[in-house]
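Structural characterization, general
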Amino acid sequence: YVTDLGSDTVSVIGETTFALYKVYAVIDTINVGAHPDAIAYDPSNGYLYVADNGSGTVSVINENNAVIDTIPVGSSPDGIAYDPSNGYLYVANWGSNTVSVIDGETNTVIENINVGAHPVGVAYDPSNGYIYVANYGSNTVSVINGETNTVIENIPVGKWPVGVAYDSGNGYIY
């Protein structure tokens with residue numbers, strides 16, 4: 001599944017046959033909200049969650065590649081990550097300086113957490129249950145405790161952080 005920012009769609013890539021050869025190609029296209037920017041998968045319900053940056057929403061896609069729900073979140077959602085320990089999705093809202101917490105069971109926002117300026121990237125660390133949010137405008141990474149959904153620390157980093165990732169091999173956040 002690939003978010004197509006310029007066409008307001010999600011491309012589904014899968015195996016297909018072309019001239020007797022098996023190849024990978026776009027096998028379906030799903031219309032979502034404006035400017036889909038990030039995507040996360042919830043294995044507990046089989047749904048994909050797409051941050052629609054231009055709509056201020058998250059589109060929910062089921063196993064049949066159909067949009068089954070559209071969840072209003074903050075302004076300009078830019079990043080999204082799934083926390084399997086609580087079943088929540090964390091959406092970084094660039095324009096609101098918040099992270100919206102979506103309950104995957106009900107597909108509703110249960111909380112909005114204030115973070116640094118212009119949050120973009122989101123990553124989950126299963127070793128401690130923390131969610132890390134790169135804040136482009138404040139040059140920090142906010143650390144959210146997934147049990148309490150509160151910011152427990154803001155870590156100063158270099159200028160204009162965008163992406164963040166967890167490495168299970170060494171336990172580092174990059």
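Our subject is the structure that appears above.
Residues numbered from 1 in each chain as written. Predicted model: local features only at pLDDT ≥ 70, side-chain atom pairs only at ≥ 80, totals over all residues. Heavy atoms only, no water.

**Notes on the overall build of the chain**
The helix and strand inventory of the chain stands at zero helices and 15 strands. Relative to a compact globule of 174 residues, whose C-alpha radius of gyration would be 16 Å, the chain shows 16 Å and is just as compact. Projected onto the principal axes, the alpha-carbon positions of the chain cover approximately 55 × 35 × 30 Å. A buried classification covers 44% of the 174 residues belonging to the chain. Restricting the contact set of the chain to residue pairs at least 6 apart, pairs at least 24 apart contribute 32%. (Helix = DSSP H or I, 4+ residues; strand = E, 2+ residues; numbered from the N terminus. Rg over C-alpha atoms; globule rule 2.2 N^0.38 Å. Buried < 20%, exposed > 50% of the residue type's maximum accessible area, 1.4 Å probe, protein only. Contact = heavy atoms within 4.5 Å.)

**So, a nonpolar patch on the surface**
A cluster of nonpolar side chains, contributed by V2, I13, Y24 and V26, occupies part of the molecular surface with about 400 Å² of accessible area. Its place among the elements puts V26 in strand β3 (residues 21-31). (Patch = residues over 30% accessible without salt bridge, like charges linked within 9 Å, V, L, I, M, F, W, Y side chains within 5 Å. Areas by Shrake-Rupley, 256 points an atom, 1.4 Å probe, with all protein chains shown as cover. Salt bridge = Lys/Arg side-chain N within 4 Å of Asp/Glu carboxyl O.)

**Here's the deal with the pairing of strand β13 (residues 130-135)**
Most of β13 sits inside the fold, with five of its six residues counted as buried. In sequence, strand β12 (residues 119-125) turns back onto β13 through a hairpin of four residues, with G129 there showing a positive phi of about 75°. Direction of pairing for β13 relative to strand β14 (residues 140-145): antiparallel, over a ladder of six bridges. Each residue of the ladder has a partner; that of N135, found in β14, is T140. (Pairing = 2+ DSSP bridges.)

**Notes on the sheet that holds strand β1 (residues 2-4)**
Strand order in the open sheet formed by three strands is β1-β2-β3, with antiparallel pairing between adjacent strands. The open sheet has two edge strands with one neighbour each: β1 and β3. The sheet shows a mean angle of 40° between the axes of neighbouring strands, direction not considered. The pairing of strand β2 (residues 9-18) with β3 spans ten bridges and is antiparallel. Pairing of F18 across the sheet is with Y21, part of β3. (Axes fitted to C-alpha atoms, helices over the stretch in contact; angles between N-to-C directions.)

**Looking at the environment of D83**
Residue position: D83 is located in strand β8 (residues 77-83). Through-space distance from the C-alpha of D83 to that of I110 is 14 Å; in sequence the pair is 27 residues apart. With residues near it in sequence (within four places) discarded, D83 still touches Y88, Y90, Y124, G129, I131 and G146. Separated by 2.6 Å, the side chains of D83 and S85 make a polar contact. Within the structure, the side chain of D83 is placed 3.2 Å from the side chain of N86, a separation counted as a polar contact. (Polar contact = N/O pair within 3.5 Å; in protein donor to acceptor, adjacent residues only side chain to side chain.)

**Focus: the sheet that holds β12**
Across a sheet, strands are paired by hydrogen bonds formed along the backbone, either parallel or antiparallel in direction. Pairing is antiparallel across the open sheet formed by four strands, whose spatial order is β12-β13-β14-β15. With partners counted over all chains shown, the strands left at the sheet margins are β12 and β15 (150-156), one partner each. Looking at each pair of strands side by side, their axes are set apart by 25° on average, direction ignored.

**A few points about the side chain of N149**
Residue placement: N149 occurs in the loop between β14 and β15. For N149, a relative accessible area of 6% corresponds to the buried category. Within the structure, N149 has its side chain in polar contact with the side chain of Y90 (distance 2.6 Å). Setting aside residues up to four positions removed in sequence, N149 forms contacts with Y88, Y90, V101, E111, I113 and I144.

**Re the pairing of β14**
Taken across its six residues, β14 has six buried, putting it largely inside the fold. Burial along β14 is two-sided: T140, S142 and I144 and V141, V143 and N145, pointing in opposite directions, are all buried.

**What about the packing of aromatic side chains?**
Summed over all chains, the structure comprises three aromatic pairs. Arranged with centres 5.1 Å apart and planes meeting at 45°, the rings of W94 and Y136 form a pair that is tilted. Linking W94 in the loop between β9 (88-93) and β10 (98-103) with Y136 in the loop between β13 and β14, this pair joins segments that are 42 residues apart in sequence. W94 gets classed as partly exposed once you look at its relative accessible area, which sits at 27%. Overall, Y136 belongs to the partly exposed group, its relative accessible area being 25%. Cluster of aromatic residues (ring-pair linked, three or more members): W94, Y136 and W160. (Phe/Tyr/Trp six-rings, centres within 6.5 Å; stacked < 30°, edge-to-face > 60°.)

From the geometry alone we can't say anything about function, so treat these as descriptive.
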